[in-house]
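# Notes for the structure review
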Amino acid sequence: MEPLSWGSIIAQIFAQFTPVWIGMVTVFVLSIRFKRRLGLYGKLFDSTVGMIGFALVLFWVFTALFAGSIITHDPLGQLSGMKNKLPGTPVPDGVDVYAYYLLGGDNLARDVFSRMVSGSTIVMQIAPLATLFAFMVGITLGLPAAYYGGKLDMFLSFLANLILAFPVILLFYLLVTPEIVKTGLPKYMAGVLFLFPIVFMVVLLNARFFTQPAKRAAYLTATLVVGLWIYLGVAWNTDPLGIISVPPNILIVFVSVVFVNAPTVFRIVRGLGLDIKTRDYVAAAQTRGEGPWYTMLWEILPNARGPLIVDFCLRIGYTTILLGTLGFFGLGLAPESPDWGTTINDGRKLLSIYPHPALAPALALMSLVLGLNLLADGLREESLKD
Amino acid sequence: MAIFLLRRIGVMLLTAIALTFIVFVLTNLQPNLEKVAKFQGNVRMTDEEVTSWLGKNGYDRSMVARYGEWLGVVPGWTYTDDAGKVTGRCIDDDNADQAQTRCGVLQGEWGHSIVFKEDVRDIVFKRLGLTAKLMFWVMILMVPMALVLGVLAGMREGTRLDRSLSTISIATTATPEYVSGVILIAVFASSAVGLKWFKGTATSAMDDITFANFTLPVVTIALYGMGYIARMTRASMTEVMTTQYIRTARLKGVSFTNIVLKHALRNALIAPFTVIMLQIPWLLNGVVIVETLFNYKGFGWTLVQAAGNNDVELLLGCSVVAVIVVLVTQLISDVGYVFLNPRIRIS
Amino acid sequence: MTKWDYDGPILEIDKLSISFFTRLREIPAVMDFSVTVRPGEAMGLVGESGCGKSTVALGIMQDLGVNGRVVGGSIKFKGRDLSEMSPEELRDIRGSEIAMIYQEPMASLNPAMKIGQQLMEVPMIHEGISKSEAWKRALEVVTDVRLPDPKRMLNSYPHQLSGGQQQRIVIAMALMSKPSLLILDEPTTALDVTVEAAVVDLVKDLGKKYGTSMLFISHNLGLVLETCDRLCVMYSGEAVERGSIQDIFDEMQHPYTQALFRSIPLPTADKNSRPLVAIPGNFPLPHERPHGCNFGPRCDYFEAGRCDSGEIAMHPVAGNERHSTRCLKFHEIDWQAPLAKAIQVESGEIGRPILEIKDLKKYYEVSANALFGGSQKVVKANETISFTAHEGETLAIVGESGCGKSTFAKVLMGLETATEGSIRLDGQSIEQLPIEQRDTALVSSVQMVFQNPFDTLNPSMTVGRQIVRALEIFRIGNSEAERRARMLELLDLVKLPRAFADRMPRQLSGGQKQRVGIARAFAGGARIVVADEPVSALDVSVQAAVTDLLMEIQREEKTTLLFISHDLSIVRYLSDRVMVMYLGHVVELGSTDQVFSPPYHPYTEALLSAVPIADTSVQKKHIVLEGDIPSAMNPPPGCPFQTRCNWKSEVAGGLCEREVPPIRDFGDGHQVKCHLREDQLNTMDPVITFAAE
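The structure contained in this document is the topic of the report that follows. Note that the structure is predicted; figures quoted are calculated from it, not measured.

## Re the interface of chain A and chain B
Every contact between the two is made by 42 residues of chain A and, on the other side, 48 residues of chain B. Together chain A and chain B conceal approximately 4000 Å² of surface at their shared face, both sides included; 76% is due to carbon and sulfur atoms. There are 2 salt bridges connecting chain A and chain B. A:Asp377 is the partner of B:Arg231 in a salt bridge, and the nearest nitrogen-oxygen pair spans 3.5 Å. Between the two partners, chain A and chain B, sit 4 residue pairs in polar contact (both at pLDDT 80 or more). Elements with a minimum of two residues in the side of chain A that touches chain B: α7 (150-165), α8 (168-175), α9 (178-183), α16 (305-328) and α18 (356-384) of chain A. With 13 residues, the single largest contributor to the side of chain A that touches chain B is α18(A). Residues that form the side of chain A that touches chain B fall into these classes: 30 nonpolar, 6 polar and 6 charged.

Here it is in structure tokens:
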């Protein structure tokens, strides 16, 4: 068989992504039709920049979701004779698979296209969730620091600055090495960090419903049961039902990314909190005898949501970059993992001769982060308008 | 002002001690030490042998004591073996009598690299020099470009110029070094595209910097940092341009050029200044990535080698330097902020 | 560029229309607006917020931003149409021919540039004079605006000056090139009353000295009366009445002007016998203006089919020169008719004492310099405050910034604890009880209404939810349904439609938000309500309605109202007793009549004189205080008021500088903290007198 021309490569790839196109068109048509009723999300569709960003992000979200039906080959499978082959090369006869390596083969004769697509699943699993955890930690610590000020603020700010003063890569090298894993340190860190979301939810609900004991009991029990179940499974790998478990190396990556992001979120939340706590409605809450946590979580936090949402988008992008960095240095994730950082690292050795294995994941990562940045920019601009 | 400086430096020292202690603990955990023992001694050592080797080499003491030794505030360990031979942290060969009692970082004894077989201090400073060269050119390229980009975009918010410049800066912040580096090499240095304007490695730049071997690494680092600074500058500039004192100036009849140069610029640059300084720890990341990617054996490359090979003393040395660089830039940024801002300076 | 001579009017605005363009629609901000300013004339532009008065000013400066555009009419300056000028010509005129002064002095000075540089720039750009000449000119002008030590002033940065000084610098900057027209946009709103009086005085004098015409924009009719020759009243983008001060104040010809005067607390008003009349309804949003007369829906004289049938033009008023009104019925209305609708109410009964405060002190320790640390300093926010408040009584606490009134409120609410002294509520000591330790009954019985309506409600919670939350926390009602019913009742109480329960605060106007704030404060049956300047941020016409509402609820609930304010007009109108504070000290305390008539504390006297009163028949003693209010961080020794007191020379031996004066009791609970002898105090004349009618 003849190798494919660039035109037909693009056409084939386009066809492979069919489920993604359908998903994107559906979301866009629905969103634009109802944009006036969708609040800030709807306003996003008034800004070109925001729409482009949203489209890029949505593309990768759907790609991650439908990765199973988009990939053409097993991302880990090697086909002899396909080593470092150029894009569009047909696979050898007699193999009962998709007929071409659409984006060529890498130095271990794996399909670059399929690896790039499955890489998106890994990123999409870790990045948003890790960012969310970092936000929970940052908020749970940042609000009291701003609200109480004084010694507590000084101590927490010192801790945050301490972590921020570490060059990120050094921190990764210190945290994500087999020796550290052996001591169990990341596990304990996970144990502490993953407690924050539960604490956060419990405090949030308790502050709101403590005047109605029946409701409070119901909500808190539900939160604690579900929260602790997930917590045991995720942090300690001891889910009594045996449903939830996280591979240890993914857990370490997850923990270190949360750990690196949390101090920055802390600083942002603290800054916003300091500003909002001077408002009269906060004083009104205090003068009617509200507890500090109600004031923080129900009076201050909701009014900081605008800047926090914008930063959340930016931070998912930054987390994606961090994940890539980890992969690039071969830290944490398995060496054959198809995630983008690891793939770039694999491809860079032969970069001057065969750039395609590294280029595909590099462009993928860039487009996702760019999308998130544009989305954040669009959101910021629209939230400032009227 | 003096009190402010003193307090700031005090906090900085405290941070430095806390950070180095953390690094010390993390690099001196039991599994690391066992690995060191097996590396130095014999790979097939039994557990007892490892324990005794560690005892002979002063590793069996408490973490705090060893940190004190390493820092140079606690006397170094000594060990007298059955033959009466005295070995110790500060004892080089056999002249146990003339050795100092304390030998740590403060005394200039940074230890010995087990991978490079060299004194850690020499390695660190030699590599740091190479990295300084890289950083110098990065700064020269990045800072002016970022500021110009930011100011031009921010002075007239919402215009086409603003939109296109902002998109450029967003695009560069979305491209981490390991992505832009790969793309730049693929386009400008690979045989596949065939432009071959620059070299894909910077190894030769360690001795002799040329346009061909140094452009790509410098551009790679500069691009990523530039977008961020440019965005900060733009945000600061647009904010200043909507303030009332700019309107006052406009309604005084000041021309647009003078409004930007005389009235807006100074106020708009206060915020980016701190950002630039705080960018340096970030650039350190870029340096590590780029030096690895382009095989430029500077400080970042050394850090990776030390960490990858469990070279404890070297890793500690590198960490100390990295942490100090970060803290000093933070100090400069604080002091500079105060200096630039008359509202704080004169009060 | 040379200034050209022209002997016609300085400014002629003819049928000006300005619109702002948003994504959705065109929003007309100013419609069919005409005004003429002659040389040396001071023209006032009065209206509530959103009426378009500031847009007119920016239109004259041709600085409407990206979205604003002049869509009709012309603005002629000395005979030349400003909209036809090139950007270069405009730049020449700005600063040299037309200068502008804004509301926020701190914001309009460049923080990174020395004062001198900012001043010198003006003549250097426009007249091309040398640096040394510009310096000389700057010195001259700074001396003219009566600033002490002009040389040091020129070498300082804006943040080193106080608010009053900054505003004087802004005025100096405007006068640097001796402009023909000066536009002042609410120039004193951000300043304290006594400082405002001095600045207004200065502006008046300088206008005369430099022969400058002025366009004075303000929401305060009293201020306009003191500064201007002529007046233009605006409502919802239109000029509704135009004429000389005398014509408009005494022979108004537009229902809105009339309603405005009836809603402001003039000295003749009284909460029981002649209450204020609020203008019903709300200010229309720019895109929801009614057909025909904009004021129609709120007007007492509205006639359907006539007032709402089409555009209404300005009609000249016969007999008065240059007096015109935008009303179809001005001939038919009997402008002299007495106020018929005024409902007289029984004054509320003042009951037993509820709150007793004795020798209350609140000191703060702060570091002298926030950034660089340094020595600890004690700020004496409250010094020996003693008073008793009774059930159903309104006690006004009056004072300017830094007088300690807000600190006192915080201590009372339990947000801070007292340093010394006692607060007894029904005999229970609460001065050391922070809010966390107060029980629900105590917390709900002492509540507060806040100043800023835009800040008083949580922007991300519905109005109903916020009131229900207050009910929840006060343990009122046993179920969600009960609390909801109670919340709806509270909305009725503050005269808001029940549908508002499900609205977000941003959908409410300032006055409506303030009503919700009042409902929230009374949710738990409060017995003492601290109202911290509850109406000062509202428009005049809304102020009256909110004040009356507060009074009405107070009468019904027999609440003790502690009314904190700097506005003596409103204090005189509604309070039973008045407490005047200065730098943490209570300088005078007594019933409203006692405080508003001699003998006064010298500070009360100055304060009374400083408050502008929008009544041509009122004559005031002219007292201008020197300098600014000292910082509470650094109070003067002896009497707190001695640095600015006009009577200080009457006390022998420098006693004022050494000792804090004793409290002197004049009987009936009238107390004055002053060193002046009783006979000296008795020589004081009343500050406000009415001209013989």
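From this point, the narrative continues.
## A few points about the pairing of strand β18 (residues 446-449) of chain C
Residue and element names in this part refer to chain C. Burial along β18 is two-sided: the residues Val446 and Met448 and Gln447 and Val449 are all buried. Across 4 bridges, β18 lies against strand β19 (residues 528-532) in parallel orientation. Residue pairing across strands places Val449 opposite Ala531, the latter belonging to β19.

## Digging into the pairing of strand β2 (residues 26-37) of chain C
A regular strand places its side chains on the two faces of the sheet in alternate fashion. Residue and element names in this part refer to chain C. Relative to β2, strand β1 (residues 11-21) is paired through 8 bridges, and the arrangement is antiparallel. Looking at the pairing, Ile13 lines up with Val35 of β2. Here β1 folds back onto β2, and the loop between the two strands holds 4 residues.

## Let's talk about the pattern of salt bridges
Residue and element names in this part refer to chain A. In this structure the tally under the stated criterion is 47 salt bridges over all chains. For Asp46, the salt bridge is made with Lys35, and the minimal N-O distance between the two is 2.8 Å. Taken as a pair, Asp46 in the loop between α3 (39-43) and α4 (48-65) and Lys35 in the loop between α2 (18-33) and α3 lie far apart in primary sequence, 11 residues in all. When its relative accessible area of 23% is taken as the criterion, Asp46 is described as partly exposed. A residue is classified by how much of its surface remains accessible, and Lys35, at 18% relative accessible area, is buried.

## Concerning unusual backbone geometry
Residue and element names in this part refer to chain C. Unusually for a residue other than glycine, Arg146 sits at a positive phi of about 60 degrees. With respect to the helices and strands, Arg146 occurs in the loop between α4 (131-144) and α5 (150-154). We classify Arg146 as partly exposed; its relative accessible area is 41%. For Thr384, which is not glycine, the phi dihedral falls at a positive 30 degrees. Mapped onto the fold, Thr384 is located in strand β14 (residues 373-390).

What counts as what
Residues numbered from 1 in each chain as written. Chains lettered and ligands numbered in written order. Predicted model: local features only at pLDDT ≥ 70, side-chain atom pairs only at ≥ 80, totals over all residues. Heavy atoms only, no water. Contact = heavy atoms within 4.5 Å. Buried area = accessible area lost by both parts, 1.4 Å probe. Salt bridge = Lys/Arg side-chain N within 4 Å of Asp/Glu carboxyl O. Polar contact = N/O pair within 3.5 Å; in protein donor to acceptor, adjacent residues only side chain to side chain. Helix = DSSP H or I, 4+ residues; strand = E, 2+ residues; numbered from the N terminus. Nonpolar A, V, L, I, M, F, W, Y, C, P; charged D, E, K, R; others polar. Buried < 20%, exposed > 50% of the residue type's maximum accessible area, 1.4 Å probe, protein only. Pairing = 2+ DSSP bridges.

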